[in-house]
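# Summary of structural features
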Amino acid sequence: MATEPRPDRAAAPASKRGSTLILIAFALALVGIVAATVAFLPRGDRPSALSVVGGPFRLDSSKGGTVDSRALKGKPFLVFFGFTQCPNVCPTTLADLGTLLDEFGAQGGAIQAYYITLDPERDTQEVMREYMASFTDRITGLTGAPQEIERVARDYRAFVKRVPLPGGDYTLEHTLMVYMMDRDGGFAGPLDLDAGHALALKQLRKLAADGRNT
């Protein structure tokens, strides 16, 4: 399968500005969601608001076999949601994230990242394998049955909306954030790629060192 060419770097700033605005809006909405969730929990030992983002998963890997989040216990990791027919932001973010992870690896760091499709009907394991071949092998593509993907997206509070296109096709609007997950599988905060790699590398070093971004 031929994958869609990456967007020209010259066109990236406009899309980056748009993605930044969407990320800010999502982050504000996320704060409200998790705060409301915690507020309605029974009094006593309530979890932190960020701990309600994330959850277990067992999905098909673009590298073959499956990835079970239980095997990630004790290892911080990154999660990013998207789909292979995303025309611009997804491939741009994956390329940028891949470059960042390669830089981190060159400095002696190691952290795995997972790209979870929100379009499992079209993004089969084989499609994900071919698509992810365009990026660093430090990022693993994940797919699964529609109900499994729906549950993971819900656990991660990831927004997704199907948008019809002429001719019966469709695209997706979705959350653009790269989630940093701590060694216990809890949400440690968003990875800030837009601020530049110096800050993002600092975030990764801290996450890898103590498992958290706090």
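The notes below deal with the structure included here. Model, not experiment: these values are computed from the prediction. Residues take numbers from 1 onward in each chain, read along the sequence in its written order. A pLDDT threshold of at least 70 governs which residues receive local features in this predicted model, and a stricter bar of 80 or more applies before side-chain atom pairs are shown or counted, although totals over entire chains, interfaces and linings include all residues. Hydrogens are left out, water is left out, and the side-chain values use all remaining heavy atoms of the structure.

### Notes on the side chain of aspartate 68
Stated precisely, the cut-off is as follows: Only DSSP runs of H or I reaching four residues or more are called helices, and only runs of E reaching two or more are called strands; each is numbered from the N terminus. N or O atoms closer than or at 3.5 Å make up a polar contact, with two conditions inside protein: a donor-capable atom paired with an acceptor-capable one, and, for residues adjacent in sequence, both atoms drawn from side chains. Here a residue-residue contact requires only that any non-hydrogen atoms of the pair lie within 4.5 Å.
Inspection of the secondary structure assignment puts aspartate 68 in strand E2 (residues 66–68). One polar contact links aspartate 68 to arginine 70, side chain to side chain, over a distance of 2.7 Å. Those residues in contact with aspartate 68 that sit more than four places away from it in its chain are Phe57 and Arg58.

### Considerations on the environment of phenylalanine 83
Inspection of the secondary structure puts phenylalanine 83 in the loop between strand E3 (77–82) and helix H2 (89–106). What phenylalanine 83 contacts, discounting residues up to four positions off in sequence, is Cys90, Tyr115, Thr117, Asp119, Arg122, Asp123, Tyr131, Thr171, Leu172 and His174.

### So, the pattern of salt bridges
Put simply, the rule is: Think of a salt bridge as a Lys or Arg side-chain nitrogen and an Asp or Glu carboxyl oxygen that are within 4 Å of each other. Relative accessibility thresholds used throughout: buried, under 20% of the residue-type maximum; exposed, over 50%; partly exposed, between the two (1.4 Å probe, protein chains only).
Inspection of the entire model under this criterion finds eight salt bridges. For glutamate 126, the salt bridge goes to arginine 129, with nearest N and O atoms at 2.6 Å. Note that glutamate 126 and arginine 129 are positioned in helix H3 (residues 125–132) at a spacing of three residues, about one turn of the helix. With relative accessibility at 38%, the residue glutamate 126 sits in the partly exposed group. When salt bridges that share partners are traced, they join Arg58, Asp68 and Arg70 into one network.

### Thoughts on the pairing of strand E6 (residues 160–164)
Side chains on a regular strand alternate between the two faces of the sheet. Basically, it comes down to this: Following DSSP output, two strands are said to pair if at least two bridges run between them.
Note that E6 and strand E7 (residues 170–174) share five bridges and pair antiparallel. Note that in E7 the partner of proline 164 across the bridge is tyrosine 170. What sits between the antiparallel neighbours E6 and E7 is a turn of five residues, in which glycine 167 has the positive phi angle 90°.

### A closer look at the nonpolar core
This is how it is decided: The definition of a nonpolar core used throughout is a set of buried Ala, Val, Leu, Ile, Met, Phe, Trp, Tyr and Cys residues joined through side-chain atoms within 4.5 Å.
Formed by 52 residues in total, the largest nonpolar core has its most connected members in Leu78, Tyr179 and Leu191. Element by element, the count of residues in this core is highest for H2, at seven residues. Ignoring sequence-local partners within four residues, the contact set of leucine 191 consists of Leu78, Leu97, Leu100, Val178, Met180, Ala200, Gln203 and Leu204.

### Thoughts on the sheet that holds E3
This is how the line gets drawn: Axis definition: a line fitted to C-alpha atoms, over the contacting stretch in the case of helices. Angles run 0 to 180 degrees between N-to-C directions.
Spatially, the seven strands line up as an open sheet ordered E2-E1-E5-E4-E3-E8-E9, and their pairing is mixed. Lying at the two open borders of the sheet, with one neighbouring strand each, are E2 and strand E9 (187–190). Taking each pair of neighbouring strands and ignoring which way they run, the sheet shows an average axis angle of 35°. Strand direction decides the pairing type here: strand E1 (residues 58–61) and strand E5 (residues 139–143), joined by two bridges, are antiparallel. Note that in E5 the partner of serine 61 across the bridge is leucine 142. Taken strand by strand, H3 contacts E1, strand E4 (112–117) and E5, and its axis lies near 160° from that of E5. Its contacts with the sheet put helix H5 (residues 197–210) on E3, strand E8 (178–181) and E9, and the angle it makes with E8 is roughly 30°.

### A short note on the packing of H2 against H5
Worth spelling out the cut-off: Roughly parallel refers to an angle under 35 degrees, roughly antiparallel to one over 145, roughly perpendicular to one between 65 and 115, and oblique to any angle outside these ranges. Throughout, a crossing is termed right-handed when the near helix is turned clockwise from the far one, and left-handed when it is turned anticlockwise from it by less than a right angle.
One way to put it is that H2 packs onto H5 with a least axis distance of 10 Å and a crossing angle of 60°. Taken as axis vectors, H2 and H5 run oblique relative to one another. Note on packing geometry: the crossing formed by H2 with H5 is right-handed. Where H2 approaches H5, its residues Asp96, Thr99, Leu100, Leu101, Glu103 and Phe104 are matched on the opposing element by His197, Ala200, Leu201, Leu204, Arg205 and Ala208.

### Some remarks on the packing of aromatic side chains
Two descriptors summarise a pair of aromatic rings, namely the distance from one centre to the other and the angle between the planes of the rings. Convention followed: Two aromatic rings, drawn from Phe, Tyr or Trp (for Trp, its six-membered ring), form a pair once their centres lie within 6.5 Å of each other, and the interplanar angle then sorts them: stacked below 30 degrees, edge-to-face above 60, tilted otherwise.
Across all of its chains, the model carries nine aromatic pairs by this definition. Ring centres 5.4 Å apart and planes at 85° place the aromatic pair tyrosine 156 and tyrosine 179 in the edge-to-face group. Taken together, the residues span a long stretch of sequence, with tyrosine 156 in the loop between helix H4 (146–155) and E6 and tyrosine 179 in strand E8 at a distance of 23 residues. Given a relative accessible area of 0%, tyrosine 156 falls into the buried group.

### Observations regarding the side chain of threonine 136
Along the chain, the position of threonine 136 falls in the loop between H3 and E5. A relative accessible area of 13% means that threonine 136 is categorised as buried. Those residues in contact with threonine 136 that sit more than four places away from it in its chain are Gly98 and Asp102.

### Some thoughts on H5
Turn by turn, an α-helix covers 3.6 residues, leaving residues three or four places apart pointing in a common direction. Keep this limit in mind: One less than the residue count of a helix, multiplied by 1.5 Å, gives the span that helix is expected to have. It is the directions from the helix axis to the C-beta atoms whose arc is reported.
With 14 residues, H5 extends 20 Å from end C-alpha to end C-alpha; this agrees with the ideal 20 Å at 1.5 Å per step. Among the residues making up H5, those that are buried are His197, Ala200, Leu201, Gln203, Leu204 and Leu207. Angular distribution of buried residues about the axis of H5 spans 155°; they occupy a single face of the element. With respect to the buried face of H5, the exposed residues turned more than 90 degrees away are Ala198, Lys202 and Ala209. Packed against the buried residues of H5 are E3, H2, E8 and E9.

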